[in-house]
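# Structural description and commentary
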Amino acid sequence: MQKIIIYSGLVILSINGYSQDEQTLYNEGLQLKNNQNIKEAIQKFAKAVELKPGFTAARYEWAWCQNELNAYSGAIENLRIVQKEWKDEPKLYYELGYAFEKYAMTDSAISSYKRCLELKPDYAGAYRQLGYIAYDKDDKAATLDYFDKYIKTQKGEIKNYLFWYRKGYTENAQKNYSEAKTSLLNSLKYKTDYLNTYLELGFSCTRMKQDEEAISYFQKAIEIDPKSHIPYNGIGEVYRDNKRDMEKAKEWYQKTLSINPDERKANFGIGFCLNSQMRYSEAIPYLKKAIESEKTYTAAYVEYGYALYKTGNNTDAISNFNKALELNPNNENARYYAVLVYVSQKNKIMAQKMVDELRALSSKYTTELQNKVNQMQ
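Every chain's residues receive numbers from 1 upward, in the order its sequence appears when written. Two thresholds apply to this predicted model, a pLDDT of at least 70 for residue-level local features and 80 or more for giving and counting side-chain atom pairs, whereas whole-chain, interface and lining totals are computed over all residues. The side-chain values count all of the structure's non-hydrogen atoms but skip hydrogen atoms and water molecules.

## Looking at the overall build of the protein
- Of regular secondary structure, the protein possesses 21 helices and three strands.
- Relative to the globule expectation of 21 Å for 377 residues, the C-alpha radius of gyration of the protein, 30 Å, shows a markedly less compact shape.
- Its C-alpha atoms put the protein at 110 × 40 × 35 Å along the principal axes.
- Between buried and exposed lies partly exposed: a residue is buried under 20% and exposed over 50% of the maximum accessible area for its type, with that area taken using a 1.4 Å probe on protein chains only. By the burial criterion, 48% of the 377 residues in the protein qualify as buried.
- Residue contacts are counted whenever heavy atoms from the two residues lie within 4.5 Å of one another. The long-range share in the protein, meaning contacts at least 24 apart out of those at least 6 apart in sequence, stands at 45%.
- When the accessible surface of the protein is summed, it comes to about 19,300 Å², and 47% of that surface belongs to carbon and sulfur atoms.
- The charge count includes Lys and Arg as positive and Asp and Glu as negative, but it does not include His or the ends of the chains. Lys charges are placed at NZ, Arg charges at CZ, Asp charges at CG and Glu charges at CD. The centroid of the 53 positive side-chain charges in the protein is displaced by 2 Å from the centroid of its 48 negative side-chain charges. Strands here mean DSSP runs of E at least two residues long; helices mean DSSP runs of H or I at least four residues long; both are numbered from the N terminus. This radius of gyration counts C-alpha atoms alone. The globule rule is 2.2 Å times how many residues there are, raised to the power 0.38. In these tables, accessible area is a Shrake-Rupley quantity obtained with a 1.4 Å probe, and a residue counts as shielded only by the protein chains included in the view.

## A closer look at the environment of E85
- As for its position among the elements, E85 is in the loop between α4 (72-83) and α5 (90-102).
- With 266 residues separating them along the chain, E85 and A351 place their C-alpha atoms 73 Å apart.

## A closer look at the nonpolar core
- The set of buried Ala, Val, Leu, Ile, Met, Phe, Trp, Tyr and Cys residues whose side-chain atoms join them within 4.5 Å is what this entry labels a nonpolar core. I235, F268, F321, Y337 and L369 are the most contacted members of the largest nonpolar core, which totals 66 residues.
- Sequence-distant contacts of F321, that is, excluding residues within four places in its chain, are made with V302, G305, Y306, A334, Y337, A338 and V341.
- Y60, A126, A134 and A142 belong to the second largest nonpolar core, which has 45 residues in total.

## Description of the pattern of salt bridges
- Here a salt bridge means any side-chain nitrogen of Lys or Arg lying within 4 Å of a carboxyl oxygen belonging to Asp or Glu. What the rule picks out here adds up to 24 salt bridges.
- Of the charged contacts in the structure, one is a salt bridge between D262 and K289, with a shortest N-O distance of 3.2 Å. Taken together, the residues D262 in the loop between α14 (246-259) and α15 (264-276) and K289 in helix α16 (residues 280-293) connect sequence positions 27 residues apart.
- Residue R335 is joined to E357 by a salt bridge in which the shortest nitrogen-to-oxygen separation is 2.7 Å. Taken together, the residues span a long stretch of sequence, with R335 in helix α19 (residues 332-344) and E357 in helix α20 (residues 348-360) at a distance of 22 residues.
- For R335, a relative accessible area of 8% corresponds to the buried category.
- Bridged by salt links that share partners, the residues E247, K250, R279 and E282 form one connected network.

## Some points on the layout of surface pockets
- Any residue with an atom within 4 Å of a point lines the site, the site being either a cavity, points on a 1 Å grid over the protein atoms alone where a 1.4 Å probe fits but cannot get out, or a pocket, an open set with protein on both sides within 12 Å along at least 5 of 7 lines. Grid points are joined across faces, edges and corners, and a volume is the space filled by probe spheres set on the points. Put simply, the largest pocket is a space of about 670 Å³.
- In terms of lining residues, the largest pocket is bounded by 24 residues, among which F203, R207, I230, E237 and K265 are the most central.
- Contributions of two or more residues to the lining of the largest pocket are made by α9 (161-173), α11 (195-207), α13 (230-242) and α15.
- Residue polarity is assigned by list, with Asp, Glu, Lys and Arg as charged and Ala, Val, Leu, Ile, Met, Phe, Trp, Tyr, Cys and Pro as nonpolar; anything else, Gly included, falls into the polar class. A breakdown of the residues in the lining of the largest pocket according to their chemical character gives ten nonpolar, six polar and eight charged.
- Considered as a void within the structure, the second largest pocket measures approximately 250 Å³ in volume.
- Lining of the second largest pocket is provided by F268, F272, Y297, T298, A299, V302, E303, N328, N331, E332, N333 and Y337.
- Elements that contribute at least two residues to the lining of the second largest pocket include exactly α15, α17 (298-310) and α19.
- A total of four residues in the lining of the second largest pocket trace back to one element, the largest contributor, which is α17.
- Broken down by class, the residue content of the lining of the second largest pocket amounts to six nonpolar, four polar and two charged.

## Topic: α14
- How far a helix is expected to stretch is found by multiplying one less than its residue total by 1.5 Å. Its 14 residues place the ends of α14 20 Å apart at the C-alpha level, agreeing with the 20 Å of an ideal helix rising 1.5 Å per residue.
- If you check which residues of α14 are buried, you get M246, A249, K250, W252, Y253, T256 and L257. In a view along the axis of α14, the buried residues occupy a sector of 165 degrees, so they form one face of it.
- The inward-facing, buried residues of α14 contact α12 (211-224), α13, α15 and α16. Here, the arc refers to the directions that run from the helix axis to the C-beta atoms.

## Side note on the state of the cysteines
- Disulfide: a pair of cysteine sulfur atoms within 2.5 Å of each other. Applying the stated rule across the entire model yields zero disulfides.
- No disulfide involves C65; its sulfur sits 19 Å from that of C116, the nearest cysteine.
- Take C65: its relative accessible area is 0%, and that puts it in the buried class.

## What about the packing of aromatic side chains?
- Two rings belonging to Phe, Tyr or Trp (six-membered ring only in the last case) form a pair when the distance between their centres is within 6.5 Å. Interplanar angles under 30 degrees mark stacking, angles over 60 mark edge-to-face geometry, and anything in between is tilted. If you walk through the whole model with that rule in mind, you get 25 aromatic pairs.
- Between Y94 and Y123, the aromatic rings sit 5.3 Å apart at their centres with planes inclined by 25 degrees, giving stacked as the arrangement. Within this pair, whereas Y94 is found in helix α5, its partner Y123 is found in the loop between α6 (106-119) and α7 (124-136), the two being separated by 29 residues in sequence.
- Seen from their ring centres, Y135 and Y169 are 5.9 Å apart, and the 65 degrees between their planes marks the pair as edge-to-face. Of this pair, Y135 sits in helix α7 while Y169 sits in helix α9; the two residues are 34 residues apart in sequence, bridging distant segments of the chain.
- We classify Y169 as partly exposed; its relative accessible area is 35%.

## Notes on the confidence of the model for the protein
- Confidence of the predictor at the level of single residues is given by pLDDT, which spans 0 to 100. For the protein, per-residue confidence averages 94 on the pLDDT scale, and residues scoring 70 or more make up 95% of the total.
- Low pLDDT (under 50) marks residues 1-19, which in the prediction has 33 contacts with non-local residues, meaning those over four places away or in another chain.

## Remarks on the environment of K114
- With respect to the secondary-structure elements, K114 resides in helix α6.
- Given the relative accessible area of 41%, K114 is considered partly exposed.
- Along the primary structure K114 and P90 are separated by 24 residues, whereas in three dimensions their C-alpha atoms are 9.8 Å apart.
- With sequence-adjacent residues up to four places away left out, K114 is seen in contact with L130 and Y146.

Here's what the structure looks like:
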């Protein structure tokens, strides 16, 4: 039971026999919020605002709780009212930015976070959220810049595994493998069963030729999710590219194909291994399958073209090299093999054209191939 009582001009809310003014409701709301009782807290703040619509602090806390409960539209509405009074309050713009971000109003979110930082340049959370927005936009340089600023301004230990994972993932994408490994090991400290962290650690170690570590991380990923083909491919890559053990690599790629026969990387991997073993006819079906699974798979067109060339199908080989160059005009391998085809066809004009294009790309193959062309009649 509740009723409104007016006593000496003061509005008081009587709930179950207890009278509460708006300040009491606000204080109780703060206590509930601090104890993570968000739903109960929001009721207190909303009632405080109902009693006193100009109670800005209570309305802000109400909006904060709405953000916690994913009620972003309501949070934005309340925060815009708060903004009229708190024009220079950094935390207001942070919460507004967060609500905008989650409500898919990205430009408004960025503007709010930047306003927060104008008012308080060491507001760590704003850097983190700007980093997350840049991460979602695949702006790698901006992501790492914001993340670094977050680390520098954050007081205390950063225990968010997802932050460290995203940082490591981005560093891997930027080929900063050592830094990525450090970030990903931080992620692992706070969550030991996140599949993607192990996959990225495996990738970092593969690129740094830390083969046994890479394999161990991929093996851990398999323990977490045996049906994910990615770690099988990862181990296959270690054996293919680092250990140069093509038979072992094929074994692991076959494990992927037992899960998904059409998986592009495994088909490519086996085709690559077979080409390396000079088993070109056997490589062709796998490479064709890789291309069928991904029509823009540049490396597969190159390997397929090479297998065709080695089995005497020069016309289709050139067609595949041209497709690779259409997809990636700077591809050197397609030009390298095309020169070999043109040399075998005694087509000096086209062979020289490919060499000239490689020279323009400052390719390490230029001298070797120019010598081949010079020896042509």
